[in-house]
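Listed below are the residues making up each chain.
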Amino acid sequence: MKNNAQDNFTKIKKLIVEIYNISVVADYFCSSQNDIEELDNISPVIKILRKKADGLNSIFIDYNTFDDFANF
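What counts as what
- All residue numbers here refer to positions counted from 1 along the written sequence of the relevant chain.
- Only residues with pLDDT of at least 70 get local features here, since the model is predicted, and only at 80 or more are side-chain atom pairs given and counted; chain-wide, interface and lining totals rely on the full set of residues.
- Processing note: side-chain calculations cover all non-hydrogen atoms of the structure and skip hydrogens and water entirely.
- Here a strand is any run of E in DSSP of at least two residues, a helix any run of H or I of at least four, and the numbering for each starts at the N terminus.
- Both definitions apply: the radius of gyration is a C-alpha atom measure, and the globule rule equals 2.2 Å times residues to the power 0.38.
- Note on classification: 1.4 Å probe, protein chains only; a residue is buried when its accessible area is under 20% of the maximum for its type, exposed when over 50%, partly exposed between these limits.
- Computed with a 1.4 Å probe, the accessible areas rest on the Shrake-Rupley method; for each residue, only the protein chains presented here act as cover.
- Note that His is not counted, nor are the chain ends; the positive residues are Lys and Arg, and the negative ones are Asp and Glu.
- Taken as the charge location is NZ of Lys, CZ of Arg, CG of Asp or CD of Glu.
- We call two residues in contact whenever any of their non-hydrogen atoms come within 4.5 Å of each other.
- One speaks of a salt bridge when a side-chain nitrogen belonging to Lys or Arg is within 4 Å of a carboxyl oxygen belonging to Asp or Glu.
- In this analysis, rings of Phe, Tyr and Trp, with Trp reduced to its six-membered ring, are considered paired at centre separations within 6.5 Å, and the interplanar angle assigns stacked below 30 degrees, edge-to-face beyond 60, and tilted for intermediate values.

Draft legend 1. A look at the overall build of the protein. Broken down by element type, the protein carries three helices and zero strands. Shown N-terminal to C-terminal, the secondary structure of the protein runs as helices and strands in the order α-α-α. A compact globule built from 72 residues should have a C-alpha radius of gyration of about 11 Å, whereas the protein, at 16 Å, is more than 25% larger. Out of the 72 residues belonging to the protein, those deemed buried represent 19%. Carbon together with sulfur atoms contributes 60% to the accessible area of the protein, which is approximately 5,600 Å² in total. Separation between the mean location of the 8 positive side-chain charges and that of the 11 negative ones in the protein comes to 7 Å.

So this is what it looks like as structure tokens:
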């Protein structure tokens, strides 16, 4: 059971890092492409996504194992 929890924790942590990295790239793209009008519509959503992904990533960044996180 503990191995399964550790595996799931590792998968979730990896997904969180990937989501955070995607949000950083999307935010940078939206903020640097001023000539594309349509990006003005999604920029606020991307900024919120990045802020939430950053918060989630900051929670998990200090924990390498499920046991570390479980003792949080």
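Draft legend 2. Representation of the side chain of Asn57. By secondary structure assignment, the location of Asn57 is in helix H2 (residues 39-60). Accessibility expressed as a relative area gives 10% for Asn57, which makes it buried. Non-local contacts of Asn57, meaning those with residues more than four positions away in its chain, are made with Ile16, Val17 and Tyr20.

Draft legend 3. Geometry of the pattern of salt bridges. Enumeration according to the criterion identifies two salt bridges in this entry. Here Asp27 makes a salt bridge to Lys47, at a shortest N to O gap of 3.2 Å. On the criterion of sequence distance, the pair formed by Asp27 in helix H1 (residues 2-32) and Lys47 in helix H2 is long-range, its members being 20 residues apart. The residue Asp27 makes a salt bridge to Arg50 at a minimum N-O spacing of 2.8 Å. Of this pair, Asp27 sits in helix H1 while Arg50 sits in helix H2, placing them 23 residues apart in sequence. Owing to a relative accessible area of 27%, Arg50 belongs among the partly exposed residues under this scheme. Where salt bridges share partners, they join Asp27, Lys47 and Arg50 into one cluster.

Draft legend 4. Spatial organisation of the packing of aromatic side chains. Throughout the structure, instances matching the rule amount to two aromatic pairs. Every member of this aromatic cluster is reached through a ring pair, and the members are Phe9, Phe60 and Phe66.

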